[in-house]
Amino acid sequence: LAYTTIITNRNNSYYRQLFSATVENADFGMAILGPNYEYRYMNNQYKQILRIQVKDPVGKSPTEFLPADFTNNISRPQKAGDGLFDYNITINQWEEPRHINVSRFPIQDEDGQTNYVSIIRDITDRVNLEQQLKRQLEETEFHSKAKDAFLANISHEIKTPLNAIIGLSQVLRETELSHRQRSIVGRISSSSDLLINLIND
């Protein structure tokens, strides 16, 4: 839409200034490549994201000065009808890996030649956050499973001798006991039943 507006009003200085100001101050990198995939234009954000040091990159191919991780993975639409290509690239050739989102789409100029618009965004912070959250989730799941295993094991270990206490209390009740002894056995049984219920819960 922006491209069509500019082409329609290409002789209008206001639209030219508006386009230039908008693109140059955008928070994303933008470049236009010609039919032979040579740069025809790029804004400052594009240069910053890809750390372009070349003084005048216009007219040059991306393979001449960009990291191989970037140029080896760029998908090039073949014709104007191919539509939008959107994908992520990881550049490992710098001191820290950087994750770049790339959107490309073909357009035709006034002469009917196919050019390519490339829009890039540095999504490193977002990808790192997603990876961090994924690690935290995996750690949480690990600790949750460890907790469940611990509770299952410890409850089994407690219930085994407790069942013996309950069983022996029942046996003891069936023997001749004094009133005081029977009272003590009753307390053992009731306390054991209470404890087994707590463990089961």
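Residues numbered from 1 in each chain as written. Predicted model: local features only at pLDDT ≥ 70, side-chain atom pairs only at ≥ 80, totals over all residues. Heavy atoms only, no water.

## Let's talk about the packing of aromatic side chains
Heads up, the rule is: Stacked, edge-to-face and tilted labels apply to pairs of Phe, Tyr and Trp rings (six-membered ring for Trp) whose centres lie within 6.5 Å, assigned for plane angles under 30 degrees, over 60, and everything in between, in that order. In this description a helix means any DSSP run of H or I spanning at least four residues, a strand means any run of E spanning at least two, and both kinds are numbered starting from the N terminus. With a 1.4 Å probe rolled over the protein chains alone, any residue whose accessible area is under 20% of its type maximum counts as buried; one over 50% counts as exposed, and the rest are partly exposed. By the criterion adopted, a ring carries a charge over it if an Arg CZ or a Lys NZ lies within 6 Å of its centre and within 35 degrees of its normal.
All told, the structure shown has three aromatic pairs when counted by the stated rule. Ring geometry for Tyr-37 against Tyr-116: centres 5.1 Å apart, planes inclined by 70 degrees, an arrangement best described as edge-to-face. Separated by 79 residues along the polypeptide, Tyr-37 in the loop between β1 (29-33) and β2 (39-42) and Tyr-116 in strand β5 (residues 114-122) bring together distant segments of the chain. The residues Tyr-37 and Tyr-116 share a single accessibility class, namely buried. Geometrically, the ring pair formed by Tyr-39 and Tyr-46 is edge-to-face, given 5.7 Å between the ring centres and 70 degrees between the ring planes. On the basis of relative accessibility, which here comes to 1%, the residue Tyr-39 falls in the buried class. The structure contains a cluster of three or more aromatic residues connected by ring pairs, namely Tyr-39, Tyr-46 and Phe-65. Directly above the aromatic system of Trp-94 lies the positively charged group of Arg-51, at a separation of 4.4 Å from the ring centroid.

## Things to note about the nonpolar core
Counted only if it meets this: By nonpolar core is meant a set of buried Ala, Val, Leu, Ile, Met, Phe, Trp, Tyr and Cys residues that side-chain atoms within 4.5 Å join together. Throughout, a residue-residue contact means that at least one pair of heavy atoms, one from each residue, lies within 4.5 Å.
Formed by 20 residues in total, the largest nonpolar core has its most connected members in Tyr-39, Tyr-46, Leu-50 and Phe-70. When residues of this core are assigned to their parent elements, the largest contribution, three residues, is made by strand β3 (residues 85-91). Not counting chain neighbours up to four residues away, the residues in contact with Leu-50 comprise Leu-66, Phe-70, Ile-91, Trp-94 and Ile-120.

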